[in-house]
Amino acid sequence: MQQIVFLDSDTLDTGINLRRPDFPHHWQSYPETKPEQVVERLRCASIAIINKVRIGADELAQLPELRLIALAATGSDNLDLEACRAANVAVCNIRNYSGPSVPEHAMALMLALSRNLFAWRQSLQEGRWQQSGQFCFFDHPIMDLHGKRLGIIGKGTLGQALGQRAGAIGMEVFYAQSQVGAPGDEDRLPLESLLQSSDVISLHCPLTPYTRHLIGERELAMMKPGALLINVGRGGLVDEQALLEALGNGRLGGAGFDVASVEPPPPDHPLMQALRYPNFILTPHVAWASEESMQRLADQLIDKINAFALGRRQHRLAPPQPQGGQQQKPQQHATRRALFQQTVKPGHTRQQAGHPPRGQPPGRQGHPQRISAQRPAAVRSPIRFHAASRPASA
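Residues numbered from 1 in each chain as written. Predicted model: local features only at pLDDT ≥ 70, side-chain atom pairs only at ≥ 80, totals over all residues. Heavy atoms only, no water.

**Student:** Whenever I open this one, the pairing of strand β7 (residues 172–176) confuses me. Can you help?
**Tutor:** Along a regular strand, successive side chains alternate from one face of the sheet to the other. Burial within β7 is extensive, with four of its five residues counted as buried. Following the backbone out of strand β6 (residues 149–153), through helix α7 (residues 157–168) and into the adjacent parallel β7, one traces a crossover that is right-handed. Note that β7 and strand β8 (residues 188–189) share two bridges and pair parallel. By the bridge assignment, Tyr175 is partnered in β8 with Arg188. (Buried < 20%, exposed > 50% of the residue type's maximum accessible area, 1.4 Å probe, protein only. Helix = DSSP H or I, 4+ residues; strand = E, 2+ residues; numbered from the N terminus. Right-handed = clockwise from strand over helix to strand, strands pointing away. Pairing = 2+ DSSP bridges.)

Structure follows, in structure tokens:
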């Protein structure tokens, strides 16, 4: 009988219907699991369900019965996928479940910031309407999104869904040019040009060795004065201390974040400090968490486990090695291909594309003055944003 253990079930709302798999099994669920509890709780498990719990080579070496790790999420940065392959443990993830929820959340942040809703609310709480003596007052600027340029970094399912919604209200939509994008794509711009010409920048790319701190002090300075920055992707994509400073000096028009580099962030975290500004909005990683999206995730999770039990491959990130121990290399980048529908152009090095290596995992693109020697030479990313000499602003 299969032993199934869900290590962090509190990452799903209790109101969601998480049905049980179709085959005989024993189910054990824990609301949360600390790092030192992982091995003990998975000791007899053949299938582990996790969302944010970390599992690496050390844990896998002590779990000989484990055959499948089912991620109750899309992102897999909490797993050592190479160690899973070496240990012959399959990994599957959830895909395309939050298609409406995440772009709608991004649009909500854009609208709230462009209309300065939180600043107006604060003024009302302070009695400004009564003090004004008029039917209205003009303490805070309001910006129409119609006719403005939205720059989206990441042209996957969610990035394109946001682009469609933004286009519907009259925004001009462009995407960051990636190394593997078609040269004739009229809706793509080099990253620097996109930053310099957009009224709103929204991040929808994964956290990789190239995209950590993709938006830092240099990139924030490139953005148009008064521009908005939206991040419903991953916390490490933005240098949060640099963001705090940009909000403090008034150059950035506002920022809306649903993610942080540390979750939950401690009270002294830059994003928590940024909450003192009315033009900064932070939500607790819930852009994906509409009731409909959570139910789709739960249904897909069990579907993947059922498929594994039947010997079918669905959304595999780390397939087990075939008999004889020969590793299946063609699937090495399956996850990133699925997320971005892109692959690395053969023979095209980062340096040839004008993007020096970045050392911190996971990293950034196109900044010659910030080269680090710490990045392993073998690591390659399927998404690389083209930098360019400083173009004229659109």
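**Student:** In this structure, what is going on with the packing of aromatic side chains? I would like to understand it.
**Tutor:** Centre distance and the angle of the planes are the two values used to describe a pair of aromatic rings. Enumeration over the complete set of coordinates arrives at three aromatic pairs. Between Tyr97 and Trp288, the ring centres sit 6.3 Å apart and the planes meet at 75 degrees, which makes this aromatic pair edge-to-face. Remark: Trp288 occurs in the loop between β12 (280–282) and α12 (291–309) and Tyr97 occurs in the loop between β5 (90–92) and α4 (101–114); sequence separation between them is 191 residues. The residues Tyr97 and Trp288 share a single accessibility class, namely buried. Considering the side-chain rings of Trp120 and Phe137, the 5.2 Å spacing of their centres and the 65 degrees angle between planes classify their relative orientation as edge-to-face. In this pair, Trp120 sits in helix α5 (residues 117–125) while Phe137 sits in the loop between α6 (128–132) and β6, placing the two residues 17 residues apart along the sequence. Residues Trp120 and Phe137 agree in their burial class; the two are buried. The ring centre of Tyr30 lies 4.0 Å from the NZ or CZ of Arg41, which sits over that ring. The ring of Tyr175 has Lys155 sitting right over it, with the charged end atom 5.0 Å from the ring centre. (Phe/Tyr/Trp six-rings, centres within 6.5 Å; stacked < 30°, edge-to-face > 60°. Lys NZ or Arg CZ within 6 Å of the ring centre and 35° of its normal.)

**Student:** Sorry if this is basic, but what is going on with the pairing of β6 here?
**Tutor:** The element β6 is extensively covered by neighbouring structure, given that five of its five residues are classed as buried. In this sheet, β7 lies alongside β6 in parallel orientation, the contact comprising four bridges. Considered in β7, the bridge of Gly151 is made with Phe174. Both β6 and strand β9 (residues 200–203) contribute to a ladder of four bridges, which runs parallel. Across the sheet, the residue bridging to Ile152 is Ser202, located in β9.

**Student:** Which parts of the structure should I look at to understand the environment of Val232?
**Tutor:** Residue position: Val232 is located in the loop between β10 (228–231) and α10 (240–248). In the structure, Val232 is positioned 126 residues away from Ala106 in sequence and 6.6 Å away in space, judged by C-alpha atoms. When residues no more than four places from it in sequence are discounted, the contact partners of Val232 are Val102, His105, Ala106, Leu109, Leu203, His204, Asp258 and Ala287. (Contact = heavy atoms within 4.5 Å.)

**Student:** What is the right way to read the sheet that holds β5 from this model?
**Tutor:** Where strands meet in a sheet, backbone hydrogen bonds hold them as pairs that are either parallel or antiparallel. Strand order in the open sheet formed by six strands is β2-β1-β3-β4-β5-β13, and the pairing between neighbours is mixed. Each of the sheet's edge strands pairs with one partner strand only, and the pair in question is β2 (25–29) and β13 (316–318). This sheet shows a mean twist of 20 degrees between the axes of neighbouring strands, independent of strand direction. Sheet topology note: the strand β1 (residues 2–6)/strand β3 (residues 47–50) ladder contains three bridges and is parallel. In the sheet register, Val5 faces β3, and the bridge partner there is Ala48. Together, β1, β2, β3, β4 (68–71), β5 and β13 form the strand contacts of α12, whose direction differs from that of β4 by roughly 160 degrees. (Axes fitted to C-alpha atoms, helices over the stretch in contact; angles between N-to-C directions.)

**Student:** Would you explain the sheet that holds β7 in this entry?
**Tutor:** Here we have seven strands laid out as an open sheet, ordered β8-β7-β6-β9-β10-β11-β12, and parallel in their pairing. Sheet topology places β8 and β12 at the edges, where each strand pairs with a single neighbour. Here strand β11 (residues 254–257) pairs with β12 via three bridges, running parallel. Of the residues in β12, the one forming a bridge with Gly256 is Ile281.

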